Amino acid sequence: METIRIPSIMKETSKRHLLRGKTIGFVPTMGALHEGHLSLVKRAKSENDIVVVSIFVNPTQFGPSEDFDRYPRDMEGDMEKLKREGVDILFMPDARSMYSDRFSTYITVKDLSDKLCGAFRHGHFTGVATVVCKLLNIVMPTRAYFGQKDFQQTVIIKRMTEDLNMNADLVICPTVRESDGLAMSSRNGYLSPEERRAATVIYRDILSASDLIKSGKSNPVDVKKQMHDMLKSEPLISEIQYAGVYNAETLDELNEFKKQNLLAIAVKIGNTRLIDNMLAEF
Ligand code: PAF
């Protein structure tokens, strides 16, 4: 596995592969890799000639009171995992090479960025859209892979790539879960054993909301109430940021079911913020 730290060298390397007619699959990450990330890498491997993974803990997507400084970092472990998956190139820029002193261009996907997580993490999606745009411009992938776990992120990146006529095809891959259903996340490691046990309520809540939708005997208001009631029954949940039924394209809360409905939750357990979602058919 080749490691590249300098954006211009990454760009030249990609150009060389593309000129030779190779396809490039790209998995952008912030490191602390788990099976969720590796499922994206495996998919990219199966669909492309060359696989590039980036590890960059992007400072612009963290708010001032968020966990940028303590975000888990495990460079050695990550490199081992990527080598084992047969990744061709690890792109690992530092913050100065991504954001010069004069850096002043940011991308905001209006409308979508202030909803759901954006209402609680101001500026987060501007940071995400900006860094993903930069990474796509540097790596120039044929396909870029993202997890459905960060559903809002995928909707925003899709909008950005369409609006700005960007080239990469986006591939959204299913959420990978622990055996008890908890969606894999680098932040799960912040949870104490009691909090980790309590966190299982999130997926159970989404599953029973999905069952309620399928029963055909409810409406989004009932589903939202059931979701909130179940989350409130778990004493270790310190805050429910949102839980309910949303339009999967506009991310607006639904008054009546559509064929596809986005069930989405964001809660805090202690100080750890966890999100999950599922698409439920009516
Ligand atoms: O999903 C993530 O890990 C990050 O938001 C991403 C897409 C790598 C951008 O920093």
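Structure's up top.
Counting from 1, residues in each chain are numbered in the order their sequence is written. With the structure being a predicted model, the display of local features is reserved for residues of pLDDT at least 70 and the display and counting of side-chain atom pairs for 80 or more, all residues being used for whole-chain, interface and lining totals. Where side-chain values are given, they derive from all heavy atoms of the structure, hydrogens and water being excluded.

A. The arrangement of unusual backbone geometry in detail. One non-glycine residue, L116, lies in positive phi territory at about 40°. The way it works is that DSSP assigns letters per residue, a run of H or I at least four long becomes a helix, a run of E at least two long becomes a strand, and they are numbered from the N terminus. Within the secondary structure, L116 sits in the loop between α4 (95-98) and α5 (117-120). Phi is positive for L251, which is not a glycine, with a value near 70°. In this structure, L251 sits in the loop between β7 (237-246) and β8 (260-269).

B. Highlighting the sheet that holds strand β5 (residues 143-147). Reading across the sheet, the 6 strands line up as β1-β4-β3-β2-β5-β6 and stay open at both edges, with parallel pairing between neighbours. Sheet topology places β1 (2-4) and β6 (169-173) at the edges, where each strand pairs with a single neighbour. The average undirected angle you get between the axes of adjacent strands in this sheet is 25°. Two strands pair if DSSP finds at least two bridges between them. Here strand β3 (residues 50-55) pairs with strand β4 (residues 89-91) via 3 bridges, running parallel. In the sheet register, V52 faces β4, and the bridge partner there is I89. In this analysis, two residues are considered to be in contact whenever any of their non-hydrogen atoms come within 4.5 Å of each other. Where helices are involved, their axes are fitted lines through C-alpha atoms of the stretch in contact, as for all axes, and angles between N-to-C directions lie from 0 to 180°. Across the face of the sheet, helix α1 (residues 7-19) comes into contact with β1, β2 (24-29), β3 and β4 while running at roughly 150° to β4.

C. Main features of the packing of α1 against helix α6 (residues 124-139). Packing of α1 against α6 brings their axes to within 7 Å, and their N-to-C directions diverge by 50°. Judged on the interaxial angle alone, α6 and α1 are oblique. Together, P7, M10, K11 and S14 of α1 and N137, I138 and V139 of α6 make up the contact between the two elements. Residue polarity is assigned by list, with Asp, Glu, Lys and Arg as charged and Ala, Val, Leu, Ile, Met, Phe, Trp, Tyr, Cys and Pro as nonpolar; anything else, Gly included, falls into the polar class. Among the residues making up the contact of α1 with α6, the classes are represented as 4 nonpolar, 2 polar and 1 charged. Throughout, the term roughly parallel applies to angles under 35 degrees, roughly antiparallel to angles over 145, roughly perpendicular to angles from 65 to 115, and oblique to all others.

D. Inspection of the site of the ligand at higher detail. Definition of nearness: a residue and a molecule or strand are near each other if at least one heavy atom of the residue lies within 4 Å of the molecule or strand. Close contacts around the ligand come from P28, T29, M30, N58, Q61, V131, V132, D150 and Q153, and that covers them all. What qualifies as a polar contact is a pair of N or O atoms within 3.5 Å, subject to a donor-acceptor requirement within protein and to the restriction that residues adjacent in sequence count only when both atoms come from side chains. Here Q61 contributes a side-chain N or O atom positioned 2.6 Å from an oxygen atom of the ligand. Contact between the ligand and Q153: an oxygen atom at 2.7 Å from a side-chain N or O atom of the residue. We get accessible surface area from the Shrake-Rupley algorithm with a probe of 1.4 Å; when it comes to residues, only the shown protein chains can shield them. Compared with its free state, where it exposes 290 Å², the ligand has 89% of that area covered by protein. Listed by contribution, the elements that provide at least two residues to the shell around the ligand are β2 and α6. Taken together, the residues that form the shell around the ligand break down as 4 nonpolar, 4 polar and 1 charged.

E. Representation of the packing of α6 against helix α7 (residues 151-163). Between α6 and α7, the shortest axis-to-axis distance is 10 Å and the interhelical angle comes to 55°. Overall, the two elements α6 and α7 adopt an arrangement that is oblique. Here the hand of the crossing between α6 and α7 comes out right-handed. Contact residues: α6 offers F125, V128, A129, V132, C133 and L136, while α7 offers Q152, Q153, I156, I157, M160 and T161. Tallied by class, residues from the contact of α6 with α7 come to 9 nonpolar, 3 polar and no charged. What makes a crossing left-handed is the near helix being turned counterclockwise from the far one by less than a right angle; a clockwise turn instead makes it right-handed.

F. Region of interest: the sheet that holds β8. Taken in spatial order, the 3 strands of this open sheet run β7-β8-β9, and their pairing is antiparallel. In this open sheet, the two edge strands, each paired with only one partner strand, are β7 and β9 (272-281). Along the sheet, successive strands turn relative to each other by an average axial angle of 10°, direction set aside. Along the sheet, helix α10 (residues 220-232) contacts β7 and β8; its crossing angle with β7, the most-contacted strand, is approximately 160°.

G. Quick look at the layout of surface pockets. The pocket and cavity definitions rest on a 1 Å grid over protein atoms only: a 1.4 Å probe that fits but cannot leave marks a cavity, an open set with protein on both sides within 12 Å along at least five of seven lines marks a pocket, and residues lining either have an atom within 4 Å of a point. Grid points are joined across faces, edges and corners, and a volume is the space filled by probe spheres set on the points. Of the voids in this model, the second largest pocket is the one considered here, and its volume is about 280 Å³. As for the second largest pocket, its lining consists of 13 residues, of which T154, V155, K158, A248 and E249 are closest to the centre. For the lining of the second largest pocket, the element with the highest residue contribution is α7, accounting for 6 residues.

H. Region of interest: the pairing of β7. Exposure categories follow from relative accessible area, calculated using a 1.4 Å probe and restricted to protein chains: below 20% of the type maximum is buried, above 50% is exposed, and the middle band is partly exposed. When you tally the buried positions in β7, you get 7 out of 10 residues, the bulk of the element. Note that β7 and β8 share 8 bridges and pair antiparallel. Looking across to β8, one finds that I240 is bridged to V267.

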